[in-house]
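# Per-entry structural report
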Amino acid sequence: MLIARLLPPLLALVFAPLLLGIISRTKAVVAGRVGQPLLQPYYDIWKLLQKGAVYSSTTTWVFRAGPMVGLSTILVVLALLPFGGIPALLAFPGDLVLFAYLLGLMRFFTVLAALDTGSSFEGMGASREVTFSALAEPALFLGLAALARQTGTFSLSPMFENITTESWIQAGPAFVLLAAAFLVVFLTENARIPVDDPTTHLELTMIHEVMVLDHSGLDFAFILYSSALKLWLLGTLVVSILVPVHQSAVWLNIAAALAGMVGLAVFTGLIESAMARLRLLHVPQLLIGASVLATLALVLVLR
Amino acid sequence: MLLGIDTILVIVVLTNLLVLGSSRLATCIRSVALQGILLGVMTFAAHDSASLLRTTLLAIASISVKGVAFPALLFRALREADIRREIEPYVGYTLSILIGLAMFLLSLWLSERLPLPQVPISSLIVPVALCTSLIGLFVIISRKKAITQVLGYLVLENGIYAFGVGVVPHSPLLVELGVLLDVFVAVFVMGITIFHINRQFDHIDTDRLVLLKD
């Protein structure tokens, strides 16, 4: 049983960078380009792992600790998240709060490391990142509260176990609203279009990328890998709502969940091809819209 | 059936919020039209099969007037009067959305305290109808342009229609068609008025009308 419970973190560790590859391949296909190989994120991480890191003389231990704390917190979060009907390695009432704030801890250290460099660009990026995630947090928590109310549990594993076809028939509109709210949180937290453009080349317009400009080599590999894992984690939230497959065969559930993740990555790629990045002033409006959706869902399930 | 009605009602709330949060006139016109069509479809779901002819007539009249004729009229006014495509709000978009949400919560609270002669088909219908009417009133007072005030009026009427369909399903056909005709004439006249105000004054910002003296 414990072996099976190791499966969700293992799948995440193996397949997370693939999502990034699928997103950029989708964008390339839509734009009519061939695009980079699907496995390019793995090659990038492998290449960076073999390089040494360069540290600026103005930085302190905080700068060096940032990527390590980021990767280790995300590895702990992996143990909290169920996948494809398999319960998480650790599950206890209230683990959804730990889930959200471990991600917060990771962000806090990324921000500290960015501020530690003393670069004005990085300070600007850090300020934006913190603003936007502060606005995304109500959406995430109101959504989780609605899920907790609907499924009657405060733990992520039974919560996703209880999202079934029957509960979809009972509270379908609420689930659609929740999925939309979580999708916005997913795009915001992972610094994707329409909030942030991951491929932008101008520091002034960057949000997440500008914070990691000074990291190199091993540290940067850690950062890339942990952001891929974060993409996977928050994607799981969306997919678990939208793909409530609970068959008796375990492999079928996992296959459905994996297909859901691939579908989400393709959808993200399509969003990024179809939309431009929003103006910074309009991002709070989007995030408040997501919070309103989550509030509506909460009201619907409370009724 | 109940799930279908609830889904329609949730989409109606979302279109309300879209009207509040969108900066484009065209988006607002389209979402108000979508609202009218959805409520027309809901007429089918809400009525029993005994009054099929009546229901069909009402639904078709409502869909064709609110979903086709109104958007056409409003887009024509938009084109003829050469209005700038942006809404100029007194209250910002984000604040408007939050106020809309507050109105929805208020309507939920009110609807629990509202004694009704008969149980509505869905428990969501009274709050959604109330909140649609309130948001319509809010759009009327919080936007500068004459055309957005017509839109607010239409949203208000949609709320009343939703209330009528969901709570008083046996109200006479004549009354409902009469209301629809009234609204049609009102929008028609307002469309012409907007055009003429525009001819006379080069813009349709209603806040400038206070400067008029007799």
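Since the structure is predicted, the reported quantities are computational estimates derived from the model, not experimental observations. (Residues numbered from 1 in each chain as written. Chains lettered and ligands numbered in written order. Predicted model: local features only at pLDDT ≥ 70, side-chain atom pairs only at ≥ 80, totals over all residues.)

### Comments concerning the overall build of chain B
This is how it is decided: Secondary structure elements are defined from DSSP: runs of H or I of at least 4 residues count as helices, runs of E of at least 2 residues count as strands, and each element is numbered from the N terminus. Burial is judged by counting the other C-beta atoms within 10 Å of a residue's own C-beta: 20 or more makes it buried, 12 or fewer makes it exposed, and any count in between marks it as partly exposed, with every C-beta position built from the backbone. We call two residues in contact if the C-beta atoms placed from their backbones are at most 7 Å apart.
A count of helical and extended segments in chain B gives seven helices and zero strands. What you see in chain B, going N to C, is helices and strands ordered as α-α-α-α-α-α-α. By the burial criterion, 41% of the 214 residues in chain B qualify as buried. Taking the intrachain contacts of chain B between residues at least 6 apart in sequence as the baseline, contacts between residues at least 24 apart amount to 76%.

### Considering the overall build of chain A
Condition: In this treatment the radius of gyration is a C-alpha quantity, and the globule benchmark scales as 2.2 Å times the residue count to the 0.38 power.
What chain A contains, in helices and strands, is 11 helices and zero strands. Counting from the amino terminus, helix and strand elements in chain A follow one another as α-α-α-α-α-α-α-α-α-α-α. Its C-alpha atoms give chain A a radius of gyration of 19 Å, within 12% of the compact-globule value 19 Å for 303 residues. For chain A, the spread of C-alpha atoms along the three principal axes comes to 60 × 45 × 45 Å. For chain A, with 303 residues in total, the buried portion stands at 48%. Pairs at least 24 apart in sequence give 78% of the contacts found in chain A among residues at least 6 apart.

### A look at the environment of V12 of chain B
Residue and element names in this part refer to chain B. As for its placement among the helices and strands, V12 is situated in helix α1 (residues 2-21). Exposure remark for V12: the 26 C-beta atoms within 10 Å place this residue in the buried category. Sequence separation of V12 and L39 is 27 residues, and the distance between their C-alpha atoms is 8.1 Å. For V12, the contacting residues outside a window of four places in its chain are Q35, L38, L39, V128 and T132.

### Digging into unusual backbone geometry
In this model, I193 of chain A is joined to P194 of chain A through a cis peptide bond whose omega is 10°. You can see P194 of chain A is positioned in the loop between α8 (165-189) and α9 (217-242).

### Some details on the packing of helix α2 (residues 25-46) of chain B against helix α3 (residues 52-80) of chain B
Residue and element names in this part refer to chain B. Where we set the bar: The convention used is that axes are lines fitted to C-alpha atoms, helices contributing only their stretch in contact, and that angles between N-to-C directions extend from 0 to 180 degrees. Under this scheme an angle from 65 to 115 degrees is roughly perpendicular, one under 35 degrees roughly parallel, and one over 145 degrees roughly antiparallel; angles in between are oblique. Residues are sorted three ways: Asp, Glu, Lys and Arg are charged, Ala, Val, Leu, Ile, Met, Phe, Trp, Tyr, Cys and Pro are nonpolar, and all the rest, Gly among them, are polar.
Look at α2 against α3: their axes get within 7 Å of each other, and the N-to-C directions meet at 175°. Relative to α3, the element α2 is oriented roughly antiparallel. Together, L25, I29, R30, A33, G36, I37, L39, G40, T43 and F44 of α2 and T55, L58, A59, S62, I63, K66, G67, F70, P71, L74, F75 and L78 of α3 make up the contact between the two elements. Here the residues of the contact of α2 with α3 sort into 14 nonpolar, six polar and two charged.

### What about the interface of chain B and chain A?
Think of interface size as the accessible area that goes away when the parts come together; that is how it is often given. Every contact between the two is made by 15 residues of chain B and, on the other side, 12 residues of chain A. Looking at the side of chain B that touches chain A, the elements with two or more residues in it are α1 and α4 (93-113) of chain B.

### Details of the nonpolar core
Our working definition: Core membership is restricted to buried Ala, Val, Leu, Ile, Met, Phe, Trp, Tyr and Cys residues, and these are joined into a nonpolar core through C-beta atoms within 7 Å.
Formed by 144 residues in total, the largest nonpolar core has its most connected members in L178, A181 and A297 of chain A. In contact with A297 of chain A, not counting residues within four places along its chain, are G143, A146, A174, L177, L178 and A181 of chain A.

### Description of the environment of L231 of chain A
Relative to the helices and strands, L231 of chain A resides in helix α9. If sequence neighbours within four positions are ignored, L231 of chain A has contacts with A16, L19, L20 and N190 of chain A.

### Quick word on the confidence of the model for chain B
The following threshold applies: A residue's pLDDT is the confidence the predictor assigns to it, expressed on a 0 to 100 scale.
Summary statistics for chain B give a mean pLDDT of 81 and a share of 86% for residues scoring 70 or more. The ipTM for the predicted assembly is 0.79, set against a pTM of 0.87.

### Considerations on the environment of I288 of chain A
By secondary structure assignment, the location of I288 of chain A is in helix α11 (residues 283-302). A residue is classified by how many C-beta atoms lie within 10 Å of it, and I288 of chain A, with 20 of them, is buried. I288 of chain A sits 107 residues away from A181 of chain A along the chain, and the two C-alpha atoms are 9.8 Å apart. With near-sequence residues (within four places) excluded, I288 of chain A lies in contact with L135 of chain A together with T94, I97 and L98 of chain B.

### A short note on the packing of α8 of chain A against α1 of chain B
At a minimum axis separation of 9 Å, α8 of chain A and α1 of chain B run at an interaxial angle of 10°. In this view, α8 of chain A runs roughly parallel relative to α1 of chain B, as classed from their interaxial angle. For the pair α8 of chain A and α1 of chain B, contact is made by I169, G172 and P173 of chain A and by L3, D6, T7 and V10 of chain B, respectively. Taken together, the residues of the contact of α8 of chain A with α1 of chain B sort by class into four nonpolar, two polar and one charged.

### Observations concerning helix α4 (residues 61-80) of chain A
Residues and elements named next belong to chain A. Put simply, the test is: For a helix, the expected span equals 1.5 Å multiplied by the number of residues minus one. Throughout, the bend at a residue refers to the angle made by two axes, fitted to the seven residues ending there and to the seven starting there.
Given a rise of 1.5 Å per residue, 20 residues ought to cover 28 Å, and the 29 Å separating the end C-alpha atoms of α4 matches this to within 8%. Its axis deflected by about 25° at P67, α4 carries its strongest bend there. Those residues of α4 not exposed but buried are F63, G66, P67, V69, G70, T73, I74, V77, L78 and L80. Of the surrounding elements, those touching the buried residues of α4 are α2 (7-30), α5 (95-116), α7 (156-161) and α9.

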